[in-house]
Number of protein chains: 2
Amino acid sequence: MELDERKMTILRAIIQNYLETGEPVGSRTISKYTDLNLSSATIRNEMSDLEEMGYIIQPHTSAGRIPSDKGYRLYVDMLMQDKQMEMDNLKLELNAKSEKLDSILKEAAKVIAVNTNYASMITAPRYHRRRIKFLQLTQVDNASLLAVVILEGNVVKNNLIHVDEVLTQETLLKLNLMLNTFLQGLDIEEINASVMQKLRTESGGYAPLISDILDVIATSLENEEVEAYTSGSTNIFKYPELNDSAKASNLLTALEEKKELTELMYQEGDSDRGIQVYIGDESPIEATKDCSVVTATYHIEEGVYGKIGIIGPRRMDYKKVVGTLQNLMSELDQIFKKGK
Amino acid sequence: MELDERKMTILRAIIQNYLETGEPVGSRTISKYTDLNLSSATIRNEMSDLEEMGYIIQPHTSAGRIPSDKGYRLYVDMLMQDKQMEMDNLKLELNAKSEKLDSILKEAAKVIAVNTNYASMITAPRYHRRRIKFLQLTQVDNASLLAVVILEGNVVKNNLIHVDEVLTQETLLKLNLMLNTFLQGLDIEEINASVMQKLRTESGGYAPLISDILDVIATSLENEEVEAYTSGSTNIFKYPELNDSAKASNLLTALEEKKELTELMYQEGDSDRGIQVYIGDESPIEATKDCSVVTATYHIEEGVYGKIGIIGPRRMDYKKVVGTLQNLMSELDQIFKKGK
DNA sequence: ATTAGCACTCAAATTGCCTGAGTGCTAACA
DNA sequence: TGTTAGCACTCAGGCAATTTGAGTGCTAAT
């Protein structure tokens, strides 16, 4: 059987109607809805065909039809082809003077959630391949040193390190110089045993201190779970089909834990494949089997990028979501470019 | 009418039973439950009295009784009097080497949520009256300065500031020295116009830069919404009485927004009144009208403290919750004392 | 190829009935 | 005078029967 023009029109009508109402849609509705001027009976025949082909489903005999995952998939693929999305013009309202990564991200998550009425999540750029740009030790008081590490992309990490002795200004200066000389430009994985060994011998009497410092820096950078911010998770209550307590609880737990979702977002290998859409069972993780997830990538610079995700019901307004994401992506790209 | 010993026993029995089951409790249950050896009929009479006094409520004719807010209140007050709480011994598993405030707090929130099976929230210590301990500018690259501010309690804040010119090492050193001399030991509110004026004149050619810097520092410290972390918000699904979608949605929104809850926690003026319990309508905020909220204070040092809150159903296991909070409070107090 | 008509199906809402838990009251008892 | 047994009454919740209405599939006519 062939998926001709008319069948497509009908399918699209079914999907769009279902997106709006969330109720199974019947033949009569379609007959009025479209401008095909066909009677409900004809539509019925076509719908029967569409069902046979697997694009729509009858939840039970004598109910209307709803799109299957396959149907959604077709619809989404069509959408993605005509790139011309209408975008509402969203703006991040940010404190321009000082750029704080996390507040940008939080804001972005919120903007998305509010605009789309779905749940959103955004991950901080991944440390992976992020290089050390600058590094500094400072004596804060008798017992503690402050270690500040700035990574490419101007991500700042700081750690307090407890020490037993007070270091002189001179020693600190020496240590700082040394640390920077040896570590600048390296990414975390490149700080291997040989580099560390060299540092230790160079440091003269301060080998144990250096070890400590490297240790703290390394663990604080490595152990870093990818930071992630969610927003609008309660939006899911707006969609009755997610609104039974078991499903809602699962989803909310996933949103609270974030870990699994982060994996989902990064799971397509490391490359940036633009906007990805997971419909229902297509998703590799259990928690979102009843939802759709749309993810996108934003860039800070070569090899440093983060992800944005939108989680909503299967009958998500894909058009709007994709548009919003594209918009936000470019907005973020711009912000980070300016920051450089 | 008087609330004699026997009535108290019965009331306590009713509450305890209701805490366990969540179902209205009837006279027969109590007759068996307590060791008073009274028939259900007698209990009925007593219950009728208790209801008249407002300690218990009948959700509908011919159902059992449930505690009223007044009843809970009495129960909680009694609890608070015999301080001897059993505490399960919870331990924060923390990376001992570097102490990062936010990870301690996150961990604490989680520990509470897991231990109690309620939702928890913890706020970072309030900046209020927090003094500047140390302050440093560093040139990161051609276009940006890094400003690190360490506050009492070893809370570290950092900000990148964009500049147009490259400063020499010497200038930086001078600026740093100056900033520290003038600002050390001040709290945010003490940085007033006169201090700023003095700084500007002292700085010679760098007045505009200084203004910028002060601006960034001040706004970043002032605008800081009190940071707050929540955990276990999905625990509320475990309690059927909160589990209808309207209530759940409200509560979860409040937990996500955090703002209102933060206000609740700090609303009792600034002093530390130990453990506070808000039962149902006693709470000043709308979102928790169907819940109980228990808050406690932990201390970092004089005048610097944060709050912990537990949000659960009215029939919360107050005994356990209060115990857990006391335990955690002392645990936190200890951690921060060690850190000093 | 399209349509009107009709019989059929099934979920959801409505109704009525029953049951069991629980109460309040009264009269009897210690 | 406080306690208890007994009984009538209430009401939520569960269950089954019934109705309703939206929607389908099929067939015969156009």
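(A) Representation of the overall build of chain A. The helix and strand inventory of chain A stands at 11 helices and 10 strands. Here chain A, with 340 residues, has 53% of them falling under the buried criterion. For chain A, contacts bridging at least 24 residues in sequence account for 61% of all contacts bridging at least 6. Roughly 15600 Å² of accessible area belongs to chain A as shown, and the carbon and sulfur atoms make up 47% of that amount.

(B) Representation of the packing of helix α1 (residues 5-21) of chain B against helix α4 (residues 69-81) of chain B in the model. Residues and elements named next belong to chain B. Viewed as axis vectors pointing N to C, α1 and α4 meet at an angle of 100°, and their least axial separation amounts to 11 Å. Judged on the interaxial angle alone, α4 and α1 are roughly perpendicular. Contacts between α1 and α4 pair Met-8, Leu-11, Arg-12, Ile-15, Gln-16, Tyr-18 and Leu-19 from the former with Gly-71, Tyr-72, Leu-74, Tyr-75 and Met-78 from the latter. Considering only residue class, the contact of α1 with α4 consists of nine nonpolar, two polar and one charged.

(C) Region of interest: the protein's contact with DNA strand C. Close to DNA strand C lie 20 residues; Arg-6, Thr-42, Thr-61 and Ser-62 of chain A together with Ser-27 of chain B are nearest. The sugar-phosphate backbone supplies 75% of the atoms of DNA strand C found within 4 Å of the protein. Between a base oxygen of DNA strand C and a side-chain N or O atom of Ser-62 of chain A, the distance comes to 2.7 Å. Those elements that provide at least two residues to the surface near DNA strand C are α3 (40-53) of chain A together with α3 (40-53) of chain B. If you tally residues by element for the surface near DNA strand C, the top one is α3 of chain A, at four residues.

(D) Highlighting the nonpolar core. The biggest cluster of nonpolar side chains holds 78 residues, and the ones touching the most others in it are Ile-122, Leu-183, Ile-308, Tyr-318 and Leu-325 of chain A. The greatest single-element share of this core, amounting to nine residues, is contributed by helix α11 (residues 318-339) of chain A. Among the nonpolar cores identified, the runner-up in size contains 51 residues, and Ile-14, Ile-43, Ala-109 and Val-304 of chain B belong to it.

(E) Seen up close, the sheet that holds strand β10 (residues 304-313) of chain A. Residues and elements named next belong to chain A. An order of β7-β3-β10-β9-β8 is seen for the five strands of this open sheet, with the pairing classed as antiparallel. Each edge of the open sheet carries a strand with a single partner, namely β7 (228-231) and β8 (276-279). Going from strand to strand, the sheet's axes swing by 15° on average, the running direction of each strand aside. In terms of strand pairing, strand β3 (residues 119-123) meets β7 through four bridges, oriented antiparallel. Pairing of Thr-123 across the sheet is with Ala-228, part of β7.

(F) Highlighting the interface of chain A and chain B. The interface of chain A with chain B comprises 41 residues on the first partner and 41 residues on the second. Surface buried jointly by chain A and chain B totals about 3500 Å² across both partners, of which 53% is contributed by carbon and sulfur atoms. Taken together, chain A and chain B are joined by two salt bridges. One salt bridge in this structure joins Lys-133 of chain A and Asp-141 of chain B, with 2.9 Å as the shortest N-O distance. Counting across the chain A and chain B interface gives 10 residue pairs in polar contact (both at pLDDT 80 or more).

(G) Quick peek at the sheet that holds strand β5 (residues 144-151) of chain A. Residue and element names in this part refer to chain A. Strands sit in the order β4-β5-β6 across an open sheet of three strands; the sheet is antiparallel. Edge positions in the open sheet fall to β4 (132-141) and β6 (155-162), since each of these has one partner strand only. On average, adjacent strands in this sheet sit at an angle of 20° to one another, irrespective of strand direction. By the bridge criterion, eight bridges tie β4 to β5 in an arrangement that is antiparallel. Paired with Leu-137 across the bridge in β5 is Ala-147.

(H) Fine view of the protein's contact with DNA strand D. Around DNA strand D lies a shell of 20 residues, among which Ser-27 of chain A together with Arg-6, Thr-42, Thr-61 and Ser-62 of chain B are the nearest. Here, DNA strand D places atoms within 4 Å of the protein, and 76% of those atoms are sugar or phosphate. Ser-39 of chain B has a polar backbone atom sitting 3.2 Å from a phosphate oxygen of DNA strand D. Among the elements of the structure, α3 of chain A together with α3 of chain B are those that each provide at least two residues to the surface near DNA strand D. Element by element, the count of residues in the surface near DNA strand D is highest for α3 of chain B, at four residues. Of the residues that constitute the surface near DNA strand D, the class distribution is four nonpolar, 12 polar and four charged.

Rules used in this analysis
Residues numbered from 1 in each chain as written. Chains lettered and ligands numbered in written order. Predicted model: local features only at pLDDT ≥ 70, side-chain atom pairs only at ≥ 80, totals over all residues. Heavy atoms only, no water. Helix = DSSP H or I, 4+ residues; strand = E, 2+ residues; numbered from the N terminus. Buried < 20%, exposed > 50% of the residue type's maximum accessible area, 1.4 Å probe, protein only. Contact = heavy atoms within 4.5 Å. Areas by Shrake-Rupley, 256 points an atom, 1.4 Å probe, with all protein chains shown as cover. Axes fitted to C-alpha atoms, helices over the stretch in contact; angles between N-to-C directions. Parallel < 35°, antiparallel > 145°, perpendicular 65-115°, else oblique. Nonpolar A, V, L, I, M, F, W, Y, C, P; charged D, E, K, R; others polar. Near = heavy atom within 4 Å. Polar contact = N/O pair within 3.5 Å; in protein donor to acceptor, adjacent residues only side chain to side chain. Core = buried A, V, L, I, M, F, W, Y, C linked by side-chain atoms within 4.5 Å. Pairing = 2+ DSSP bridges. Buried area = accessible area lost by both parts, 1.4 Å probe. Salt bridge = Lys/Arg side-chain N within 4 Å of Asp/Glu carboxyl O.

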